[in-house]
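Structure at a glance
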Amino acid sequence: MTTYETVTIPPTGKHMSTIIFFHGLGESGSIWAELLTNLRKPNTKIICPSAPKIPLTLNKGFAIPAWFDVSTLNEDAPENESDILRAVDNVHAILDEELAKTRLPPKKLLLGGFSQGGALALYAALTYHRPLAGILIMSCWIPLHKTFPDAATNNTNIPIFQCHGTEDPVIPYVWATRTSEILKEFTTKSQFTSYEGLLHRTNEKELADVKAFIHKTVP
C-alpha cells in the first residue's frame, strides 16, 4: 500500500461522519480540505489525501501529483488498468483504516473527488466491499468503463452526485454525459447535474449543490 500525505480537518462537534475526497491532477489535498470544511456539518470529519508525484505520460514523463498514470485524455485511449487498480486498493485501505479507527458504520463515510480524483473515488466506491453513504464526483469520468457493470461489486444503490461544467476543456462534457449513461445502467440513485459555461473548476452554484448533497447524505 502507498501511504499518502493527508490533510485532516477534525469535526468541531461529536464525530458522526467522514468525507474522504481526492483532488485532481497537479493539485494537493489542502485545497479541497479548506473548501469542504465550509460545506460540511460540524460533526463531519474531512480527509483529503495528497497524491505522490509520479512521471506522467500525459505530461511527457515529467513528474506531477497524480493518483495513476494517464497517457492521453482521448475517450477511447487505452488506460493503465494495473496503475488504476493499485490506486483503488489504496483507497480501500484508507476506508478500512478510517472505519477501524473511528468505529463509524460504513454508511457514515462519503467518498468523493475532482477530475482524476473523482474517477478514482467512483471506481473505488463501486468496488468497495462495504456500503458507503454516497459518492460525490466532480468534473470526472468513469475509468475502465468497459468493465462495468460487472466490476461493480457494491454501492450501486447509494446516492451518487455527478456534476460537470458544459465547457470543460480538460474532461470534455461528452465524457460526463457518457459516464452518466453508463451509471444509470446499473445504479439506482445517480444524479447528473451540469453547469452552463463552467470550465474545469467549480462555481458558487455547484458548491451550493455539493453542500446540499453532503448535508442530505451524511446528516
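Preceding this paragraph is the structure being described.
Residues numbered from 1 in each chain as written. Predicted model: local features only at pLDDT ≥ 70, side-chain atom pairs only at ≥ 80, totals over all residues. Heavy atoms only, no water.

**A word on the packing of aromatic side chains**
Inspection of the entire model under this criterion finds nine aromatic pairs. On the basis of an interplanar angle of 80° and a centroid distance of 4.9 Å, the ring pair of Tyr 4 and Trp 67 is categorised as edge-to-face. Here Trp 67 lies in the loop between strand E5 (63-65) and helix H2 (81-102) and Tyr 4 lies in the segment before strand E1 (5-9), a separation of 63 residues in the sequence. Across this residue pair, the class does not change: Tyr 4 and Trp 67 are buried. (Phe/Tyr/Trp six-rings, centres within 6.5 Å; stacked < 30°, edge-to-face > 60°. Helix = DSSP H or I, 4+ residues; strand = E, 2+ residues; numbered from the N terminus. Buried < 20%, exposed > 50% of the residue type's maximum accessible area, 1.4 Å probe, protein only.)

**Some remarks on the sheet that holds strand E7 (residues 134-138)**
The mixed open sheet is built from seven strands, whose spatial order is E1-E3-E2-E6-E7-E8-E9. Two strands lie at the open edges of the sheet, namely E1 and strand E9 (190-195), each paired on one side alone. On average, each strand axis in the sheet is tilted by 15° relative to the strand beside it, whichever way the strands run. As judged from the four bridges shared by strand E2 (residues 17-22) and strand E3 (residues 44-50), these two strands associate in the parallel manner. Across the sheet, Ser 17 pairs through a bridge with Thr 44, a residue of E3. (Pairing = 2+ DSSP bridges. Axes fitted to C-alpha atoms, helices over the stretch in contact; angles between N-to-C directions.)

**Side note on the nonpolar core**
If you look at the biggest cluster of nonpolar residues, it comprises 47 residues, and the most contacted ones within it are Phe 22, Leu 111 and Phe 148. Mapped onto this core, the elements with two or more residues apiece are E2, H2, strand E6 (109-114), helix H3 (116-126), E7 and helix H4 (173-186). Element by element, the count of residues in this core is highest for H3, at eight residues. Leu 111 has contacts with Ile 20, Phe 22, Val 91, Leu 95, Ala 121, Ala 124, Ala 125, Leu 132, Gly 134, Ile 135 and Leu 136, leaving out every residue within four places of it along the chain. Leu 39, Leu 136, Cys 163 and Phe 213 belong to the second-largest nonpolar core, a separate cluster that totals 22 residues. (Core = buried A, V, L, I, M, F, W, Y, C linked by side-chain atoms within 4.5 Å. Contact = heavy atoms within 4.5 Å.)

**Notes on the state of the cysteines**
Inspection of the entire model under this criterion finds zero disulfides. Cys 163 takes part in no disulfide bond, and the closest cysteine sulfur, belonging to Cys 140, lies 8.4 Å away. (Disulfide = S-S within 2.5 Å.)

**Notes on the environment of Gly 29**
On the secondary structure map, Gly 29 appears in helix H1 (residues 29-37). Through-space distance from the C-alpha of Gly 29 to that of Thr 18 is 15 Å; in sequence the pair is eleven residues apart. Sequence-distant contacts of Gly 29, that is, excluding residues within four places in its chain, are made with Val 7, His 23, Cys 48, Pro 49 and Ser 50.

**A short note on the environment of Thr 3**
Mapped onto the elements of the fold, Thr 3 is located in the segment before E1. Sequence separation between Thr 3 and Leu 126 is 123 residues, and the spatial gap between their C-alpha atoms is 22 Å.

**With respect to the layout of surface pockets**
Of the pockets and cavities examined, the second largest pocket occupies roughly 260 Å³. If you list the elements that add at least two residues to the lining of the second largest pocket, you get strand E8 (160-165), E9 and helix H5 (204-217). Among the elements that take part in the lining of the second largest pocket, H5 stands out by supplying five residues, more than any other. A per-class count over the lining of the second largest pocket returns seven nonpolar, three polar and four charged. (1 Å grid on protein atoms, 1.4 Å probe; cavity = no way out; pocket = protein on both sides within 12 Å on 5 of 7 lines; lining within 4 Å. Points joined across faces, edges and corners; volume = space filled by probe spheres on them. Nonpolar A, V, L, I, M, F, W, Y, C, P; charged D, E, K, R; others polar.)

**Thoughts on the environment of Gln 191**
The residue Gln 191 is located in strand E9 in this model. Look at Gln 191 and you get partly exposed, because its relative accessible area is 42%. Gln 191 sits 31 residues away from Ile 160 along the chain, and the two C-alpha atoms are 6.0 Å apart. Contacts of Gln 191, omitting those with residues within four sequence positions, involve Ile 160, Phe 161 and Gln 162.

Remember, this is a structural readout, not a statement about activity or role.
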